[in-house]
Every structure is written in structure tokens, then in C-alpha cells.
Amino acid sequence: MSDPTGPSGTPIADSRAQILVVGAGIVGCSTAYHLAQLGTTDVLVVEQGPLFATGGSSSHAPGLVFQTNPSQTMSQLAGYTVQRFNQDTLDGRPCFHQVGGIEVATTPKRWADLQRKLGLATAWGIEASLLGPREVHARIPQIDPRKIHGGLFVASDGIAKPVRAAEAMAREAQARGVRFAGNTEVTGFDVRDGRITAVRTSRGTVTVDQVLCCAGIWGPKVGALAGVSIPVQPLAHQYAVTAPVPGLASGPDEVHQPILRHQDSSMYFRQIHDRYGVGSYQHRAIPVRARDLAPTAAVGDGAEAPSDGGGWKGMASVHPFTPEDFSKPWADARDLLPVLRRTEVAEGMNGLFLFTSDGMPVLGPSREVGNFWVAEAVWITHSAGVGRAMAEWMTDGVPGVDLRAADLRRFEDFAHSPSYVAERSAQSFVEVYDVLHPQQPPEHPRPLRTSPFHPREVERGGVFLEANGWERPHWYTSNQSLVDGRDLAEPGPWAGRYWSPIVGAEHQATRENVALYDMTSLARAEVSGRGALGLLQHLTTNQLDRPPGYVTYTLMLEPTGGVRADITVARLSENTFQVGCNGQRDIAWLRRHADDTTTVRDITGGTCCIGLWGPKARDVLAPLASEDVSHEAFRFFRAKRLFVGEVPVTALRLSYVGELGWELYTSAEFGLRLWDLLAAAGAEHGILPAGRGAFNGLRIEKGYRAWGTDMWSTHDPDEAGLGFAVNPDKGDFVGRDALLRRREQPVRRRLRCLRVDDGTVLMGSEAVFSAEDSGRSVGFTTSAAYGYSVGASLAYAWLPADLSDEDTPLQVSYFDRRHPATVVADPLFDPGMRRMRC
Ligand SMILES: Cc1cc2nc3c(=O)[nH]c(=O)nc-3n(C[C@H](O)[C@H](O)[C@H](O)COP(=O)(O)OP(=O)(O)OC[C@H]3O[C@@H](n4cnc5c(N)ncnc54)[C@H](O)[C@@H]3O)c2cc1C
């Protein structure tokens with residue numbers, strides 16, 4: 001269809017729109033459609049190219065949709081995309097070919113990984129099965145079955161037609177009043193008091209309430225016009241189309257064969273009538289600077305018109321094919337599909353699309369400009385899901401799926417630096433089809449953030465993994481001798497990839513004596529000023545109006561009543577609070593609600609924290625502390641400012657591991673001195689440094705949930721076992737009414753602790769089945785570890801309410817086996833809290 005707005009299109013000059021969307025690629029069209037569905041129709045979509053084959057990435061993407069993803073959110077977004085596009089047609093032509101998807105394994109390692117992926121798919125509710133080599137061959141006869149161990153088959157996967165789907169959604173949106181302006185470039189923004197008031201375009205100025213940037217590879221350029229940093233990197237990715245393939249039958253549809261992933265060679269294949277489209281991620285990362293991108297030019301749907309009359313040629317999002325990068329992939333392709341030896345590559349391109357430092361999209365409101373929103377680095381696979389979530393977010397204030405891991409505000413300042421974005425995005429590209437372990441640390445750039453204790457941690461043989469740029473010791477080789485004489489259950493090869501028996505020994509030694517934990521990487525903010533208490537009371541569920549010196553565990557809820565975050569708030573003085581939170585997203589949330597009576601200061605970087613935990617913690621602290629730290633003088637969940645030796649410390653009597661102890665905060669320059677004082681004083685009590693491995697097992701057996709891993713914004717506090725942190729009688733707070741409404745309904749699901757009865761140590765994200773009906777997945781695990789004090793393999797799991805009672809027998813799938821599991825009382829360790837309150 002040609003530009004329905006005509007060459008000049010929708011009048012632009014001196015117009016206004018409630019929401020202006022930049023870009024009519026698949027993401028812009030999808031969001032416009034879903035906004036209209038929600039009743040927001042005063043929307044103007046401005047596109048620099050022609051509508052709807054705009055020349056952006058969506059115009060040439062071959063459209064493969066594999067739904068299975070380690071992230072539940074990404075699988076949910078993909079699942080909805082399939083459902084949406086499968087219903088859509090454009091002028092009688094389908095927007096989705098549900099031909100199924102197969103990932104093959106050519107190595108035993110990959111085959112084991114496909115077994116794990118089958119578990120993931122099942123956990124996320126995607127129907128999938130493993131096929132033997134002959135069964136794969138039956139579906140894709142061109143494959144040499146001798147080359148493969150088998151494949152993972154998902155019948156609902158398939159091929160999206162991005163341009164068609166975009167236009168179909170756009171037409172529906174137009175029918176409801178949404179306006180589209182093609183051949184119109186956004187050239188600038190008028191920003192006043194931190195908000196965009198108007199958008200300047202090549203055809204005039206539009207007054208707006210909100211702006212959504214869906215500009216794809218041009219996103220950073222558009223963001224910069226508004227003063228917003230969008231940390232994404234355009235990279236070239238090779239895609240080629242073969243000449244006709246002998247025997248590849250061509251029916252009325254362009255594709256009837258399942259799409260194929262050959263992950264061991266970082267490749268994928270799709271049928272296009274009697275040809276194959278072949279994509280490769282095998283080559284080096286080829287970055288392109290966003291500011292060097294030309295505006296878009298030509299029209300076409302590359303997947304359908306590979307070599308005749310236009311195709312993708314001339315599009316600014318397409319760079320010339322570099323055949324030298326394709327020779328090895330092409331050889332691999334011919335190895336797997338021998339019939340390709342009888343054909344050639346007819347045409348290829350280096351197509352541009354976005355990568356990010358953590359492989360996730362970049363969504364949501366910006367930090368810098370209040371009404372500038374972003375939906376970038378989104379694949380076709382997730383586009384309808386993202387469009388719907390963005391529309392919900394922009395109109396209702398909360399997306400219907402949990403987008404914590406895709407939120408633009410997850411990135412701290414360092415993660416916006418061009419060198420970090422370039423290096424880590426290139427790594428995401430290289431790893432896109434690798435077998436990635438959830439704990440696998442990035443190799444570069446490291447070390448990036450180190451706590452003041454780092455030199456001592458290195459001296460003690462710390463084995464470091466990385467989180468949010470922080471180097472975090474997982475265990476210390478200097479504790480090796482602790483292992484002797486202990487019988488420590490070992491995880492299998494996958495769960496044990498980043499594990500040592502020292503983890504178990506540090507765990508037990510913490511409960512026996514006392515240990516030092518580096519807790520510096522946990523984010524914290526100082527909230528101060530006249531309005532501080534009011535702000536915190538408004539945003540949290542528990543009563544914070546308590547005297548200075550009290551510490552409160554509380555939740556921040558979404559307006560829907562879901563758990564937005566869990567935080568610990570220490571009232572240090574009348575108007576000063578220290579808030580321990582989960583990251584930048586929480587700090588941004590506090591800032592967004594603060595007025596000029598309150599200051600929210602991120603103090604993470606300038607401070608450090610030692611968790612001094614274990615039954616002998618008081619013996620270590622007492623002789624060093626300037627205050628009485630006896631139980632009577634310094635009670636559980638209290639805070640004091642005191643000196644440890646000469647070090648000024650804010651001490652909170654808390655413990656995430658379920659032992660007597662304190663979180664000891666000081667400013668960074670005193671960190672090393674604090675460590676040394678405690679280490680020296682603790683020597684006679686058997687003190688040792690202990691790592692995150694031990695920490696995780698300790699907190700799980702103590703029943704402490706981790707926000708983001710165990711529960712998130714789609715769960716309410718009661719389901720998550722956190723109802724104790726809600727005090728609805730304290731007065732109004734965000735999410736209170738919604739939560740009370742939810743409380744009128746019976747609880748449908750619960751987060752419960754499972755004991756894996758045969759001792760198998762899990763990783764999390766495994767599918768859970770009922771014991772009686774083992775074909776039906778009923779839930780999934782969240783965090784998992786071995787509880788070295790209770791002598792059991794444990795996991796938290798989301799379960800339907802009717803299968804969540806204690807002693808309910810269940811099964812958990814882990815690789816190729818089912819393991820018996822039982823719902824157990826939680827916490828297993830010290831339910832009477834005697835060890836912490838003494
Ligand atoms: C070779 C290749 C193969 C791929 N294969 C797949 C696949 O099989 N499956 C999959 O899921 N994904 C695939 N992708 C990724 C996918 O194509 C992209 O992630 C997706 O199309 C991005 O959609 P978008 O709407 O964000 O961007 P785009 O489609 O690029 O749309 C952005 C739009 O914004 C417009 N714009 C930019 N700046 C301005 C401005 N200043 N004013 C007005 N308009 C502006 C552009 O003209 C453009 O039309 C592939 C990508 C490539 C390159």
C-alpha cells in the first residue's frame with residue numbers, strides 16, 4: 001500500500017497530539033494500535049520514511065519468531081505477539097505463518113541445553129517437545145540427520161510478516177482516529193522545565209503531552225535531540241537469500257517448513273518459496289554509530305522480494321553484504337543442509353538493528369525528560385507484546401507484564417557511557433546464540449566497580465562474579481581448609497558451574513562462628529528533608545512514622561497492588577532516612593514522587609557495607625564499638641550511628657542470612673580500615689570472609705525472598721508471602737486500594753518453598769508439575785540453592801493455590817529428568833527467629 005496520507009499526508013503544522021510516536025516501524029505501529037485499543041486515539045505517528053515499508057529494520061527483517069527465552073517476560077511478550085499477528089491479515093494475506101520452530105543440536109552440550117530449554121519453555125507455558133534426528137528430518141527433509149542429536153520443536157513458533165503486520169495494526173489504529181504522517185522527520189523538541197512541550201518536524205511543529213521514541217536504530221539520535229541518553233548500539237547482522245534450492249517445494253504460501261535454528265553455528269534458516277533465507281551471527285560484531293546513519297530511503301519487504309526489483313536495496317538500515325564474513329557460515333549451512341551445495345547465495349545484506357549491554361530491550365519513561373518515553377531494541381518477536389505493554393504503561397501507569405529487566409531506568413550512569421554500550425552490546429551480539437549460564441560473568445570491561453574491600457578480597461583469593469558492574473566474591477579460596485571434614489552436597493555440572501565446596505563450608509561456618517560479607521553492591525539512597533517521611537509513607541506499605549533509630553522492612557507497590565520493590569528503611573533522624581533498595585529503578589521512583597521539600601541522594605557509590613553476621617558477631621563488634629551493642633541496648637531492627645574504632649559507622653541490626661549481626665555502613669575511604677579492624681578483632685572468634693554463594697543459600701533456607709528473582713510487579717504481597725509488610729491501617733499509600741480490592745478475591749497462586757526430595761540442586765526457572773498429573777506444568781521455580789544448614793536442596797516456586805499447601809507432593813523437571821519435590825513450611829531454618837533476636 002502506498003502512503004495513505006499522500007505525499008504531504010496528515011497536516012502537521014501547528015497541530016497537537018496527546019501522544020506523538022516517533023517511527024512507524026513494527027514497534028511504533030504496534031504501540032499506536034494498542035493505544036487506540038485502550039481508547040487513547042489522539043495519537044500522531046511521525047515517520048521519516050514512506051509508510052509502511054519505511055526502510056527501518058522492520059522493513060527487511062525475515063521475521064522468525066522463536067518464543068522460548070530464559071526470561072519469562074520475553075517469552076510472554078513473544079507469546080502475545082504470536083497470538084496477535086496470527087489473527088491479523090492485510091488485504092486477505094496473513095501476517096503470521098505458524099509453521100513451527102526447531103532448534104537443532106549438533107553437539108552433546110547443545111543437546112543437554114535443549115533439554116534445559118524444553119524445561120524453560122514448559123515453565124513459561126509454551127508447548128514444546130524434543131524430536132529425534134529422524135523426526136527433525138521428517139519436518140525438514142533437507143537436514144542431514146546424521147549431523148544432529150535432535151531438536152527442540154515449538155509448534156506455535158513461526159514467521160511474522162513485519163511490514164504487513166505493522167500496516168494491519170496501523171489501519172486499525174487509523175480507523176479509531178490515530179493519525180500517521182509519512183515522509184516527515186522529527187528534527188527537534190522544545191523542552192521546558194524538564195518536559196517536552198512541542199515536537200519539531202520537517203513539516204511543522206506539533207504541541208504534545210507525551211512523546212514515545214520508537215525510532216529503532218535512529219533512537220539514540222532522536223533521544224539526543226531531547227537530551228535523553230538511550231544506551232543501545234546499532235550493529236550489522238548478515239542475512240542472505242539463496243538461489244532456488246532443488247526440491248524445496250513451493251506451495252501457495254511462501255513458507256510451510258518450520259523455521260530452523262542451528263545455534264552451534266549461530267545461524268538460522270527460513271524457507272521463502274523455493275529458496276532459503278539464511279541468517280548468521282557468526283561474524284565479528286560490526287558496529288555503526290547512530291549519528292552516522294542516513295535517513296531512510298527505499299521501499300520493500302526484503303523477505304518476500306529477495307533479489308528482484310528492489311528488495312532491501314537502498315534502505316538506510318541495510319549496509320552492503322561482506323561476503324568474507326559469510327564464507328564459514330555458508331560452509332556450515334551446506335554441512336547441515338547438504339542440498340545447499342547445489343545452489344548459491346543469490347543476495348545478501350548486512351542489516352542493522354539494535355543490541356544492548358544486557359541483551360534486553362530498553363523501555364519506559366526516561367530519567368532526563370518527564371514525558372519522553374522509549375521503546376527501543378525490540379525484536380519483531382516481541383513487538384506486539386511490547387506495543388501492548390507500552391500502551392498500558394503510558395495510559396494506566398503500569399504495564400500488564402513485568403518489565404523490570406527491560407526498564408530504561410535500570411541503567412546507571414556508567415552503563416550509558418559509549419564505550420560500555422559499545423563493548424557490552426558487541427558481546428551480546430557475539431553471544432546471541434551461545435549456551436549462556438545465568439551466572440556467567442561478562443569478560444569486559446572488568447573490573448569496573450570495586451568496593452573498598454576489594455584489595456583484601458583479592459588477597460583472600462576471592463572468586464569474583466559480576467553484577468551491575470560490581471565485582472562480587474562468590475567464595476574465597478583462602479577458606480579451602482574449611483571444607484575438610486565436612487560432607488557437602490554437590491550440585492550437578494550446570495548448577496555447579498560457578499560453585500565450589502567452599503560455598504557450603506562458608507555457609508556452615510557463618511552459622512557456627514561469624515563472617516564478613518561485602519554488601520556494598522546493594523543500592524541505597526538517603527531520603528532527607530521536611531517532606532521525607534511524607535514521601536516514604538506515600539510510597540510504602542508499612543508504618544514508617546516511628547522514632548529515629550527504628551528500621552522497617554516495607555514494600556513499594558504499583559498502583560495495581562503488585563510488588564514494585566521491597567526496601568528497608570532506617571530512620572536515622574527526624575528528617576533523614578536511609579533506604580536500602582534494589583537498584584536505580586527504585587531510586588528513580590522515589591525521585592519521581594519527591595517534591596522540593598525532599599532530597600533523594602544515591603549514596604551507593606560513596607559508601608560501603610559489611611554484613612557482620614554469625615552467632616559471634618557481637619563478640620567481634622562489642623570491643624570495637626563506641627556504643628553498647630548488647631541485645632538490650634541495640635535491639636533487632638534498630639539503627640545507630642557509632643564508631644567502630646575510629647571509623648564512623650551507621651549500624652543497622654539486620655541480617656539477610658538469619659543470624660545475629662549488623663549491616664555496617666561507612667563512607668568509602670574508611671572501608672578498608674573497617675574491614676581490617678573487624679578481621680583483626682574477629683580472628684580469635686574464627687571470623688572469615690564469605691561470598692555470595694553462601695549468602696544465597698543462607699537467605700533461601702531462612703525464607704528471605706529476593707525481589708526481582710522471587711517476586712515482582714505482577715505479584716501481590718499476600719501471594720508472595722509478604723503480607724506481614726503491609727499495614728493498610730497506616731493511611732493511604734500507592735497501591736493500597738488496589739491491594740484491598742485484590743484481598744477480596746481468593747488467592748490464586750502462592751510463592752512457596754520446595755524441598756527437592758532426591759537432593760538435586762536446581763538453578764531456578766524450572767517447570768513444576770503436580771505429582772498426580774505429571775503431564776501438566778503447574779508452576780515454575782524462582783531461586784534455588786542447597787541449604788547447607790538444613791541439609792536439603794531448596795527452591796522457591798510459584799504454585800496454584802490448590803497445590804501450595806505444606807506436604808503437597810510435586811515434581812520438578814531439570815534437564816531430562818523429573819525430580820520429586822514437596823512443599824515445605826517456610827522458613828526451614830530458625831522459624832522462631834531465636835538466632836537473630838538474641
Ligand atoms: C537482518 C536482520 C534480520 C532480523 N531478523 C529478525 C527476526 O528474524 N526476528 C526478529 O524478531 N527480529 C529480527 N530482526 C530485528 C528486528 O528487525 C528489529 O529489532 C525490529 O524491526 C525493530 O523495529 P522498530 O520498530 O524498533 O525499528 P524500525 O523498524 O527501524 O522502525 C523505526 C522507524 O523510526 C523511523 N525514524 C527514525 N528516526 C526518525 C525521525 N527522526 N523522525 C521520524 N521517523 C524516524 C525510521 O524511519 C523507522 O521507520 C532482524 C534485524 C535485521 C537487521
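Colleague: Just give me the short version of the overall build of the protein chain, but keep the residues and values in it.
Modeller: Along the protein chain, the regular secondary structure elements total 17 helices and 42 strands. The C-alpha atoms of the protein chain give a radius of gyration of 28 Å, which matches the 28 Å a tight globule of 838 residues would have. Principal axes of the C-alpha set define a box for the protein chain whose edges measure 85 × 65 × 50 Å. At a minimum sequence separation of 6, the contacts of the protein chain that also span at least 24 residues come to 72%. Total accessible area on the protein chain is roughly 29700 Å²; 49% of this is exposed by carbon and sulfur atoms. Positive and negative side-chain charges in the protein chain, numbering 83 and 95 respectively, have mean positions lying 1 Å apart.

Colleague: Account for a negative patch on the surface, with residues named and values stated.
Modeller: On the surface, Asp802, Asp805, Glu806 and Asp807 cluster together to form a negatively charged patch. Residue placement: Glu806 occurs in the loop between strand 40 (792-800) and strand 41 (809-814). Residue Glu806 is classed as partly exposed on the basis of its relative accessible area, which comes to 46%.

Colleague: Report on the sheet that holds strand 3 (residues 64-65), specifying residues and quantitative values.
Modeller: Here we have three strands laid out as an open sheet, ordered 3-10-6, and antiparallel in their pairing. What marks the edges here is a single partner per strand, and that holds for strand 3 and strand 6 (96-97). Where strand 3 lies against strand 10 (residues 158-160), two bridges are found, and the strand directions are antiparallel. Across the sheet, the residue bridging to Val65 is Gly158, located in strand 10.

Colleague: A description of the packing of helix 1 (residues 26-37) against helix 5 (residues 162-175) should follow, citing residues and the corresponding values.
Modeller: One way to put it is that helix 1 packs onto helix 5 with a least axis distance of 8 Å and a crossing angle of 30°. By the angle class used here, helix 1 and helix 5 are roughly parallel. Along this stretch, helix 1 crosses helix 5, giving a crossing that reads as left-handed. Across from Ile26, Cys29, Ser30, Ala32, Tyr33, Ala36 and Gln37 in helix 1, the residues of helix 5 making contact are Pro162, Ala165, Ala166, Met169, Ala170, Glu172 and Ala173.

Colleague: Tell me what's going on with the nonpolar core, and back it up with residues and numbers.
Modeller: Counting 51 residues, the largest nonpolar core has Phe85, Phe180 and Leu363 as the members making the most contacts within it. Broken down by secondary-structure element, the contributors of at least two residues to this core are strand 1 (15-22), helix 1, strand 2 (43-46), helix 2 (72-87), helix 5, strand 23 (372-376) and helix 8 (380-396). The element best represented in this core is helix 8, accounting for eight residues. Grouped together as the second largest cluster of nonpolar side chains are 40 residues, Phe189, Val211, Ala316 and Val362 included.

Colleague: Can you break down the site of the ligand residue by residue, with the values?
Modeller: Around the ligand, a shell composed of 37 residues is seen, among which Glu47, Thr54, Ser58, Val378 and Thr381 lie nearest. In the environment of the ligand, an oxygen atom lies 2.6 Å from a nitrogen or oxygen atom belonging to the side chain of Thr54. Side-chain polar atom of Thr381 to an oxygen atom of the ligand: 2.6 Å apart, as the coordinates give it. Burial of the ligand by the protein amounts to 98% of the accessible area it has alone, namely 1000 Å². For the shell around the ligand, the secondary-structure elements that each account for two or more residues are helix 1, strand 15 (233-242), strand 21 (345-355) and helix 8. Class assignment for the residues of the shell around the ligand results in 20 nonpolar, 15 polar and two charged.

Colleague: Can you explain the pattern of salt bridges? Please cite residues and give values.
Modeller: What the rule picks out here adds up to 46 salt bridges. With a shortest N-O distance of 2.9 Å, Arg110 and Asp264 are connected by a salt bridge. Of this pair, Arg110 sits in helix 3 (residues 108-123) while Asp264 sits in the loop between strand 16 (259-262) and strand 17 (267-272); the two residues are 154 residues apart in sequence, bridging distant segments of the chain. Classification of Arg110 by relative accessible area gives buried; the value is 5%. Between Arg456 and Asp676 there is a salt bridge; the shortest N-O distance is 2.7 Å. Here Arg456 is found in helix 10 (residues 454-459), whereas its partner Asp676 is found in helix 15 (residues 671-682), with 220 residues between them in sequence. Look at the salt bridges and you will find they share partners, linking Asp407, Arg409, Glu558, Arg564 and Arg585 into a network.

The rules behind the values
- Residues numbered from 1 in each chain as written.
- Predicted model: local features only at pLDDT ≥ 70, side-chain atom pairs only at ≥ 80, totals over all residues.
- Heavy atoms only, no water.
- Helix = DSSP H or I, 4+ residues; strand = E, 2+ residues; numbered from the N terminus.
- Rg over C-alpha atoms; globule rule 2.2 N^0.38 Å.
- Contact = heavy atoms within 4.5 Å.
- Areas by Shrake-Rupley, 256 points an atom, 1.4 Å probe, with all protein chains shown as cover.
- Lys, Arg positive; Asp, Glu negative; His and termini not counted.
- Charge placed at Lys NZ, Arg CZ, Asp CG, Glu CD.
- Patch = residues over 30% accessible without salt bridge, like charges linked within 9 Å, V, L, I, M, F, W, Y side chains within 5 Å.
- Salt bridge = Lys/Arg side-chain N within 4 Å of Asp/Glu carboxyl O.
- Buried < 20%, exposed > 50% of the residue type's maximum accessible area, 1.4 Å probe, protein only.
- Pairing = 2+ DSSP bridges.
- Axes fitted to C-alpha atoms, helices over the stretch in contact; angles between N-to-C directions.
- Parallel < 35°, antiparallel > 145°, perpendicular 65-115°, else oblique.
- Left-handed = near helix turned anticlockwise from the far one by under 90°.
- Core = buried A, V, L, I, M, F, W, Y, C linked by side-chain atoms within 4.5 Å.
- Near = heavy atom within 4 Å.
- Polar contact = N/O pair within 3.5 Å; in protein donor to acceptor, adjacent residues only side chain to side chain.
- Nonpolar A, V, L, I, M, F, W, Y, C, P; charged D, E, K, R; others polar.

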